[in-house]
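# Examination of the molecular architecture
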Amino acid sequence: MPVGCDLAHIAQSALISNDNPTRVAVAVSGGSDSMAVLHVMAEVARTCGISLFAVTVDHALRDGSAAEAAGVAQACEGLGVPHQVLVWQHGEIKGNLMDAARRARYGLMADWACGLGISHILLGHTADDQAETFLMGLARRAGIDGLIGMHAGWNTGGVRFLRPYLGVTRQALRAELVRRSVGWIDDPSNENDRFTRVKARRALTALQPLGITVEGLAGVMVNLSAAQGAVQQSTHDAIGMCREHAGAVMFDGVMWRAAGAEVQRRLLIAALRWVSSGLAPRGAGVDRVLQAVERGKDTVLAGCRVRMTADGFCVVREARFAGVSVLGALWDGRWQIIGPFGPGQEVRALGAGLAECKGWRETGICRDVLEVGPAVWAGETLISAPIAGFKAGFDARIVASFTQFVLSH
């Protein structure tokens, strides 16, 4: 069977297994991978009666990006595919540039797709990208979850993103473009050693004489994925060692010590992510926390405090990271506050306001947890602290429990 037919079949199978959508988009950067997906999907759309769109995100980070987006628009016009350029409007970017760009890219595309009733967006990531991701995971000492590669599909902003070609090499997609006499643009940032992924790409080339190839690493990731499933089941079985406590997670010390190291690690990471409403912390930081727990020492990580207790330890929010929310919005990513809000009122951590909650001891919730719990303020005047016993017509609840979080990840 010709390569082009294989690629079309892969795309069709991915769509059928993901609700068989009728309005689909392809994210096109002008590089070989996404251009190949665009051309293959243009044929699939005509054959299957799918309404196909294309979208390009111009990150506005280097000279020439706008011209490249215009080149993609021209290619789409030739294929009869409606195309939109989305420009990332940003100021000074602090921290991890690649991560910030990735978040912005998916957010922009999701918003655009929702506005047009597009339910699925196809991406051009390949087996080579998977292998690079694996090496990057090794470099940061990742656990199983960080070594199984990118997800084939996930939801963002009501849109399903799909990576149908994670089992196909970059060379195979380029061969498809050559077969069609279609050119592509090589992003100059792919040669910039400043980026970790570029270093991983070059490392893959250097490792080939040892027999470490894209195809070989794909097999390793399949094996690790199977192992991940077994560890996930063990983690779910051990969830009883954790108890949700007004937004904190309490760990039973006896059950903790009886659990395996990987189960301990996974539950700790889950607690840190749930309490902070954030991404998984880096491996070195998790190792440090595990060592502190072993020594019976308090520590901090990822906007959380890990505090030893009489019968184990707890993971609780650090007050300085809890932030402020406007009326009606989730507070600290987890708390929904309901009540008779008035003008100028906002939700932030209770803190020293606990002294005004005379019956807080009757709640059975410890001071450390209450101080970082939600409270309604009008300037410096405490209006309500629902979980500290000072309701004043308000109520507060967690929108998704820790147990739900663990079982769904």
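A few points on the structure. (Residues numbered from 1 in each chain as written. Predicted model: local features only at pLDDT ≥ 70, side-chain atom pairs only at ≥ 80, totals over all residues. Heavy atoms only, no water.)

## Quick word on the overall build of the chain
Assigned secondary structure in the chain consists of 14 helices and 16 strands. Taking the principal axes of the C-alpha coordinates as reference, the chain spans close to 75 × 55 × 40 Å. Within the chain, the proportion of its 409 residues that are buried is 46%. Counting contacts in the chain only where the partners sit at least 6 residues apart, residues at least 24 apart contribute 67% of the total. Element-wise, carbon and sulfur atoms account for 53% of the exposed surface of the chain, whose accessible area totals about 19,900 Å². Considering the chain, the positive charge centre built from 40 side chains and the negative charge centre built from 38 side chains are found 4 Å apart. (Helix = DSSP H or I, 4+ residues; strand = E, 2+ residues; numbered from the N terminus. Buried < 20%, exposed > 50% of the residue type's maximum accessible area, 1.4 Å probe, protein only. Contact = heavy atoms within 4.5 Å. Areas by Shrake-Rupley, 256 points an atom, 1.4 Å probe, with all protein chains shown as cover. Lys, Arg positive; Asp, Glu negative; His and termini not counted. Charge placed at Lys NZ, Arg CZ, Asp CG, Glu CD.)

## Thoughts on the sheet that holds strand β10 (residues 304–309)
As summarised here, the arrangement of the five strands in space is β7-β8-β11-β10-β9, forming an open sheet in which the pairing is antiparallel. If you trace the sheet from one side to the other, it starts and ends with β7 (242–245) and β9 (299–301), each paired once. Pairwise comparison of adjacent strand axes, ignoring direction, gives a mean angle of 25 degrees for this sheet. Here β10 pairs with strand β11 (residues 312–317) via six bridges, running antiparallel. Paired with Arg305 across the strands is Val316, a residue of β11. Taken strand by strand, helix α10 (residues 261–276) contacts β7, β8 (248–252), β9, β10 and β11, and its axis lies near 30 degrees from that of β11. Along the sheet face, helix α11 (residues 283–295) touches β9, β10 and β11 and points at about 160 degrees away from the line of β9. (Pairing = 2+ DSSP bridges. Axes fitted to C-alpha atoms, helices over the stretch in contact; angles between N-to-C directions.)

## Topic: the side chain of Asp332
Tracing the backbone through its elements, the reader meets Asp332 in the loop between α12 (319–322) and β12 (335–338). When residues no more than four places from it in sequence are discounted, the contact partners of Asp332 are Val275, Ser277, Arg317, Phe321 and Ala322.

## Digging into the sheet that holds strand β14 (residues 374–378)
One open sheet accounts for three strands, arranged β13-β14-β15; its pairing is antiparallel. Looking at the sheet topology across the chains shown, the edges are occupied by β13 (345–349) and β15 (381–384). Neighbour to neighbour, the strand axes of the sheet diverge by 45 degrees on average, direction disregarded. Of the strand pairs in this sheet, β14 and β15 are connected by three bridges, and their pairing is antiparallel. Residue pairing across strands places Ala378 opposite Thr381, the latter belonging to β15.

## A few points about the nonpolar core
Ranked by internal contacts, the top residues of the largest apolar core, which has 55 residues, are Phe251, Leu267, Leu268, Val315, Leu350 and Phe402. Counting residues per element, this core draws most heavily on α10, which supplies nine residues. Counting 29 residues, the second largest nonpolar core, distinct from the first, contains Ala36, Val40, Leu162 and Tyr165. (Core = buried A, V, L, I, M, F, W, Y, C linked by side-chain atoms within 4.5 Å.)

## Thoughts on the pattern of salt bridges
What the rule picks out here adds up to 23 salt bridges. A salt bridge links Asp332 to Arg334, with the shortest nitrogen-to-oxygen separation between them at 4.0 Å. With relative accessibility at 4%, the residue Arg334 sits in the buried group. Glu346 is paired through a salt bridge with Arg348; the nearest N and O atoms lie 2.7 Å apart. Bridged by salt links that share partners, the residues Asp33, Asp128, Asp129, Glu132, Arg170, Arg197 and Arg201 form one connected network. (Salt bridge = Lys/Arg side-chain N within 4 Å of Asp/Glu carboxyl O.)

## Some thoughts on the environment of Thr403
Counting through the fold element by element, Thr403 comes out in helix α14 (residues 402–407). Thr403 gets classed as partly exposed once you look at its relative accessible area, which sits at 37%. The spacing of Thr403 and Ala70 is 333 residues in sequence and 48 Å in space, taken between C-alpha atoms.

## A short note on the pairing of strand β5 (residues 153–156)
In this structure, β5 lies alongside strand β6 (residues 159–162), joined through four bridges in antiparallel fashion. The residue of β6 that forms the bridge with Asn155 is Arg160. Here β5 hands over to β6 after two residues, with Gly157 in that stretch at a positive phi of 55 degrees.

## Section: the state of the cysteines
Applying the stated rule across the entire model yields zero disulfides. With no disulfide of its own, Cys304 lies closest to Cys314 among cysteine sulfurs, the gap being 10 Å. In this structure Cys366 is a free cysteine whose sulfur lies 5.9 Å from that of Cys314, the closest cysteine sulfur available. Taking the relative accessible area as the measure of exposure, Cys366 reaches 24% and is therefore partly exposed. (Disulfide = S-S within 2.5 Å.)

## Quick look at the side chain of Thr133
Mapping Thr133 onto the fold places it in helix α5 (residues 127–139). The exposure class assigned to Thr133 is buried, which follows from its relative accessible area of 13%. When neighbours within four sequence positions are excluded, Thr133 is seen to be in contact with Gly146, Gly149, Met150 and Arg197.

## Here's the deal with unusual backbone geometry
Despite not being glycine, Ser181 shows a phi value in the positive range, around 60 degrees. Position of Ser181 among the secondary structure elements: in the loop between α6 (170–180) and α7 (196–207). Phi angles above zero are rare outside glycine, and Ser277 is one such case at about 55 degrees. Its location among the elements puts Ser277 in the loop between α10 and α11. A residue is classified by how much of its surface remains accessible, and Ser277, at 39% relative accessible area, is partly exposed.

Distances and angles like these do not, on their own, reveal function.
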